[in-house]
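# Residue-level structural notes
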Amino acid sequence: MDPSIQKHFTVVDYVIFAVLLAASMGIGLYYALSGGRQRTTQEFLMADRSMRCLPVSLSLIASFQSAVAIIGVPAEIYTHGTQYWFIGCAYVLGLLIPAHVFIPVLYRLRLSSAYQYLELRFSKAVRICGTLTFIFQMVIYMGVCVYTPAFALNAVTGFELWGAVLATGLVCTVYTTMGGLKAVIWTDVFQTIVMFAGQLAVIVVGVHQTGGVSEVWRKVWEGNRISALDLNPDPTERHTFWTLAVGGVFLMLSLYGVNQAQVQRYLSARTEKEAVRSCYMVFPSLQLALALSCVMGLVMFARYCGEDPSDKLGTSSRDAMVIYFVMDMLQGLPGLPGLFVACLFSAALSTISSAFNSLATVTMEDLIKPHFPAMSEARATLLSKVLAMSYGLVCLAMAYLTHLMGDSVLQVALKIFGMVGGPILGLFCLGMFFPWANSVGAVTGLGTGLSVSFWIGIGSIISHSSGTKPLPPDCSSSFLSGNTTTVTQLSALSNVTLSFYSLSYMWYSAFNCFTVIVIGLIISFLTGPMKEQDVTPGTIYPLLGTLFGFLPARLKKKLCCVTPLGQTVFVIKVFHLEQHLHQPDKIFIAPFTISHKIITYVCKTNDILITLTCTLACW
Ligand SMILES: CC(C)(CO)[C@@H](O)C(=O)NCCC(=O)O
Ligand code: NA
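Residues numbered from 1 in each chain as written. Chains lettered and ligands numbered in written order. Predicted model: local features only at pLDDT ≥ 70, side-chain atom pairs only at ≥ 80, totals over all residues. Heavy atoms only, no water.

Empty pockets left among the atoms are what a rolling probe the size of a water molecule brings to light. Scanning the entire structure with this criterion turns up 5 cavities of 30 Å³ or more. What the largest cavity holds in volume is close to 280 Å³. As for the largest cavity, its lining consists of 22 residues, and the residues nearest its centre are Phe 64, Gln 65, Ala 69, Tyr 84 and Leu 414. Where the lining of the largest cavity is concerned, the elements lending two or more residues are helix H4 (67-80), helix H5 (87-108), helix H10 (241-256), helix H12 (272-304) and helix H17 (409-433). Residues belonging to the lining of the largest cavity are distributed by class as follows: 19 nonpolar, 3 polar and no charged. (1 Å grid on protein atoms, 1.4 Å probe; cavity = no way out; pocket = protein on both sides within 12 Å on 5 of 7 lines; lining within 4 Å. Points joined across faces, edges and corners; volume = space filled by probe spheres on them. Helix = DSSP H or I, 4+ residues; strand = E, 2+ residues; numbered from the N terminus. Nonpolar A, V, L, I, M, F, W, Y, C, P; charged D, E, K, R; others polar.)

Before going further, it helps to examine the coordination of the sodium ion (ligand 2). Around the sodium ion (ligand 2), the donor atoms from the protein are Ala 62 (O), Gln 65 (O), Ala 347 (O), Ser 350 (OG) and Thr 351 (OG1), and they sit 2.3 to 2.4 Å away. Considered as a linear motif, the donors of the sodium ion (ligand 2) on their single chain read A-x2-Q-x281-A-x2-S-T. Grouping residues by exposure puts Ser 350 and Thr 351 together as buried. (Donors = N, O, S within 2.8 Å, 3.2 Å for Na, K, Ca; no water. Buried < 20%, exposed > 50% of the residue type's maximum accessible area, 1.4 Å probe, protein only.)

Along its 25 residues, helix H18 (residues 439-463) runs 36 Å from first to last C-alpha, staying within 8% of the 36 Å computed at 1.5 Å per residue. If you check which residues of H18 are buried, you get Gly 441, Ala 442, Gly 445, Leu 446, Gly 449, Leu 450, Val 452, Ser 453, Ile 456, Gly 457, Gly 459 and Ser 460. Sitting at the amino-terminal end of H18 is Asn 438, which places a side-chain oxygen 3.2 Å from the backbone nitrogen of Val 440. (Expected span 1.5 Å × (residues − 1). Polar contact = N/O pair within 3.5 Å; in protein donor to acceptor, adjacent residues only side chain to side chain.)

Our focus in this paragraph is the confidence of the model for the protein chain. For the protein chain, the mean per-residue pLDDT works out to 84, and 83% of the residues sit at or above 70. Element-level mean pLDDT values for the protein chain span from 40 in strand S1 (residues 588-595) up to 96 in helix H21 (residues 508-526). Low pLDDT, under 50, characterises residues 562-576; the predicted model gives this stretch 15 contacts beyond four residues in sequence or across chains. Predicted as a complex, the structure gets a pTM of 0.86 and an ipTM equal to 0.95. (pLDDT = per-residue confidence, 0-100. Contact = heavy atoms within 4.5 Å.)

Tallying each qualifying case throughout the model produces 0 disulfides. Residue Cys 172 stays outside any disulfide, its sulfur separated by 7.5 Å from that of Cys 395, the closest cysteine. Free cysteine Cys 294: the closest other cysteine sulfur is in Cys 89, separated by 11 Å. (Disulfide = S-S within 2.5 Å.)

Packing of helix H7 (residues 124-157) against helix H8 (residues 161-210) brings their axes to within 8 Å, and their N-to-C directions diverge by 150°. Note that H7 runs across H8; the crossing there is right-handed. Listed contacts from H8 to Val 146, Tyr 147, Ala 150, Phe 151 and Asn 154 of H7 are Leu 161, Trp 162, Ala 164, Val 165, Thr 168 and Gly 169. Considered class by class, the residues forming the contact of H7 with H8 number 8 nonpolar, 3 polar and no charged. (Axes fitted to C-alpha atoms, helices over the stretch in contact; angles between N-to-C directions. Left-handed = near helix turned anticlockwise from the far one by under 90°.)

Taken as a whole and judged by the stated rule, the model has 30 aromatic pairs. Geometrically, the ring pair formed by Tyr 30 and Tyr 31 is edge-to-face, given 4.9 Å between the ring centres and 90° between the ring planes. Where Tyr 117 meets Phe 428, the ring centres are 5.6 Å apart and the plane angle is 20°; that geometry is what we call stacked. Residue Tyr 117 is found in helix H6 (residues 116-121), and its partner Phe 428 is found in helix H17; the two are separated by 311 residues along the sequence. Judged by relative accessible area, Tyr 117 falls into the buried class, the value being 0%. (Phe/Tyr/Trp six-rings, centres within 6.5 Å; stacked < 30°, edge-to-face > 60°.)

There is a patch of nonpolar side chains on the surface, built from Val 92, Leu 93, Leu 96 and Tyr 280 and spanning about 340 Å² of accessible area. The biggest single contributor to the nonpolar patch is H5, with 3 residues. Structurally, Leu 96 is set in helix H5. (Patch = residues over 30% accessible without salt bridge, like charges linked within 9 Å, V, L, I, M, F, W, Y side chains within 5 Å. Areas by Shrake-Rupley, 256 points an atom, 1.4 Å probe, with all protein chains shown as cover. Salt bridge = Lys/Arg side-chain N within 4 Å of Asp/Glu carboxyl O.)

Here the focus is the site of ligand 1. With respect to spatial proximity, 12 residues lie near ligand 1, and among them Gln 65, Ser 66, Tyr 84, Tyr 91 and Tyr 141 are the closest. Note that an oxygen atom of ligand 1 is positioned 2.7 Å from one of the side-chain N or O atoms of Gln 65. Within the backbone of Ala 69, an N or O atom sits 3.4 Å from an oxygen atom of ligand 1. Here ligand 1, which alone exposes 380 Å², has 99% of that area covered by the protein. Those elements giving two or more residues to the shell around ligand 1 turn out to be H4, H5 and H10. A breakdown of the residues in the shell around ligand 1 according to their chemical character gives 10 nonpolar, 2 polar and no charged. (Near = heavy atom within 4 Å.)

Next comes the structure, spelled out in structure tokens:
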């Protein structure tokens, strides 16, 4: 790269970056030494199920808001206009459905791992398939997350690439291993605030340098960056209202409904109500996060009029371009470049810490504990810490693998969510909404879903058919339909396979989710659908019964698998008992274990140990 355009950091900037890392370590240390000192898996992995909604909600946003979004969304807006902003519409259903469908089912089962649900509903085999799929997804994703900010910074400022990767990876591993989920959640709160502050600083400085809000508006308007509502129904067009607002709902569901990183936070909330409330509170914050990154893209456009510095930078990476503009704008304002770097690394840290903790949880709960039921609590906790640490090291290895890949990172990250998260979402929907689905159907459905999604995903990468030409760069140019021509050419392709490959990546989650459900149901009916009395009560959400409320009661009962009233009352009693046991003088030892419809409570009331056993009923 041309050394004359290289941006430099001052001492203040390095100090700010160091403060971020030190503060995160400090929070980790605090939770290692306070409370229960991380001596139980309940504390280390579930934060003692004692969290309030505010920290939980900020932590929920932080998990999937990585540097990928902070750099990728402005790059998207800069080159293609504001169409992507319509994904904000998907947040409505994308958060309401998790709050009122997934949280009630999962919270009431008092799980530790979301994949425990799959065993209760189907079988051990399905649970293990689900867990392995999740591990695969998160391991790839965290590589992308830690590599992205380091690479982009290195391209522009010469900030040591592997030094930055190692610093983030190792610092995060240390505080996650020391402080457990409490540290992960509270560092998320701190890091989310730094993230918002960094983006806000760039916007304020950018608007000021461009000559005010009205000047920014004039330039983005004349440069055609304000996109109209695109209602084109073509599923191969990358971003339209439909792909974003409808396809986006499924993307959101796979992240906020069934992804262990998020489910674990819901489960760490002290009550179900608190969990639902935290999900509601994600809505305004996520809209704010989206607005900040979109506005940042617009401000950059107004300031640089679509300029493309890729020749000067020696890389065509759009991420490097964003960093270049930001560093250029913030130059000469001591501390602000450092704040932006802190913002990027906050985003990365908060994402990989969630990944480490959730990966340690599923490995422990789904893969190890079932084989060693007699393992002592101390040993289980130690093992969980070793797991969290090992995933930290895996993350560094994945960063190196990401280094060997290419493409636009926003698309890569969202493609992974769709390719792997979509089938997992399908598996949970199959279990929750369709009482007839059986275990064979679930495994076959997941297998088919993953195969189809990889076929399309890899096909699209190889045939390069998912790209869209950027809008013309010039601020004052009139509208050119670069976008539309590409799409018409693509849809005119007679080759069916090629048009499959060009399916918009925003549809991946929805498409793959439906593949799993359809194949799962077909195979279930062929191999003998699940009988109502064999379905573990409490694992079905009466969706079909609610949707078809007009049907006669007998048919409705068949659709939603409602259990007899007597049993329901019984469970309500059990839940009352549970709340009762939460009283300070009556300590709850183990929440309960569920094995094949039998709940076992172990509780301690006035120093007497009681073991309660009862059958689980539908809620
Ligand atoms: C996950 C969404 C779509 C939620 O708004 C957004 O945060 C996003 O585009 N994220 C990109 C992937 C990432 O941040 O790692
Ligand atoms: Na994050």
